[in-house]
Amino acid sequence: TCALPIFRPSMRTLERGDPMVQVLSNPANMAPDVAKGLMADAATDVPNAVGREVFRWLDRGILDDATGRDWVQPVDVPLLVMGGSVDRFVPWQNAAAACEIYPRCTFRLLGTASGLSVEYGHVDPTIGRTAEAEIYPMIGAFLGHP
């Protein structure tokens, strides 16, 4: 038996002032209706096996599968990595570290220091108020579709 806690995020509807919204996004960049429905539409119960695996990764500091095979394998393909300047779930420095592994990696810091209109958190680069105008064109340009 495993003594690790079970991952069971609450399926409650998140309100804009909810602390989880603070962790997952920059609330100022989230429309209230999007923030309110975030947990109901985006989160699911995490199976115990996955929870144990995440704890193993955190304990060892290595992303590997159950057999010990490293999941992070450098490949020679273009990779666009984006990190939100105020991401509290995956700090931008951690996202940027991917470019140390992948040789054709491009990192984009998402925030006002990079000329964007707002600071970005974890989910608002995809569903934030400014994502369509600021982030989607970056992705399109990377894919060759300006």
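Because the structure is a prediction, the values reported are computed rather than measured.

This paragraph deals with the overall build of the protein. Across its full length, the protein carries six helices and two strands. In sequence order, the protein lays out its α and β elements as α-α-α-β-α-β-α-α. Expressed as a percentage of its 146 residues, the buried residues of the protein come to 29%. The long-range share in the protein, meaning contacts at least 24 apart out of those at least 6 apart in sequence, stands at 59%.

What follows is about the state of the cysteines. Per the counting criterion, the structure on display carries one disulfide. The disulfide partner of C99 is C105, and the S-S distance across this bridge is 2.0 Å. When the S-S torsion is -55°, as for the bridge of C99 with C105, the disulfide is left-handed. The exposure class assigned to C105 is buried, which follows from its relative accessible area of 17%.

This next bit is on the pattern of salt bridges. Enumeration according to the criterion identifies four salt bridges in this entry. For E53, the salt bridge goes to R56, with nearest N and O atoms at 3.9 Å. Pair noted here: E53 and R56 are both in helix α3 (residues 48–60), with a separation of three residues, about one helical turn. Of the residues examined, E53 reaches a relative accessible area of 17% and is grouped as buried. Assessed through its relative accessible area of 25%, R56 is described here as partly exposed. Measuring nitrogen to oxygen at the nearest pair gives 2.8 Å for the salt bridge that ties D64 to R56. It is possible to trace a salt-bridge network through shared partners that takes in E53, R56, R60 and D64.

The next point concerns helix α6 (residues 131–142). Taking 1.5 Å of rise per residue, 12 residues should cover 16 Å, and α6 covers 15 Å from first to last C-alpha, within 8% of that figure. When we look at burial in α6, the residues that qualify are A131, E134, I135 and G140. Turning to α6, the residues buried within the fold contact β1 (79–84), β2 (105–110) and α5 (124–127). Taken from the residues just after α6, G144 is the one with a positive phi, measuring 85°.

A few words on the layout of surface pockets. Within this model, the second largest pocket holds a volume of roughly 190 Å³. Around the second largest pocket, the lining residues are M82, G83, G84, D87, V90, A95, L110, G121, H122, V123, P125 and T126. Counting residues per element, the lining of the second largest pocket draws most heavily on β1, which supplies three residues. When its residues are assigned to classes, the lining of the second largest pocket shows six nonpolar, five polar and one charged.

This paragraph deals with the environment of G111. In this fold, G111 is placed in the loop between β2 and α5. The spatial distance from the C-alpha of G111 to the C-alpha of G121 is 9.0 Å, given a sequence separation of 10 residues. Beyond its immediate stretch of four places on either side in the chain, G111 contacts S85, L116, V118, E119 and Y120.

What counts and what doesn't
- Residues numbered from 1 in each chain as written.
- Predicted model: local features only at pLDDT ≥ 70, side-chain atom pairs only at ≥ 80, totals over all residues.
- Heavy atoms only, no water.
- Helix = DSSP H or I, 4+ residues; strand = E, 2+ residues; numbered from the N terminus.
- Buried < 20%, exposed > 50% of the residue type's maximum accessible area, 1.4 Å probe, protein only.
- Contact = heavy atoms within 4.5 Å.
- Disulfide = S-S within 2.5 Å.
- Salt bridge = Lys/Arg side-chain N within 4 Å of Asp/Glu carboxyl O.
- Expected span 1.5 Å × (residues − 1).
- 1 Å grid on protein atoms, 1.4 Å probe; cavity = no way out; pocket = protein on both sides within 12 Å on 5 of 7 lines; lining within 4 Å.
- Points joined across faces, edges and corners; volume = space filled by probe spheres on them.
- Nonpolar A, V, L, I, M, F, W, Y, C, P; charged D, E, K, R; others polar.

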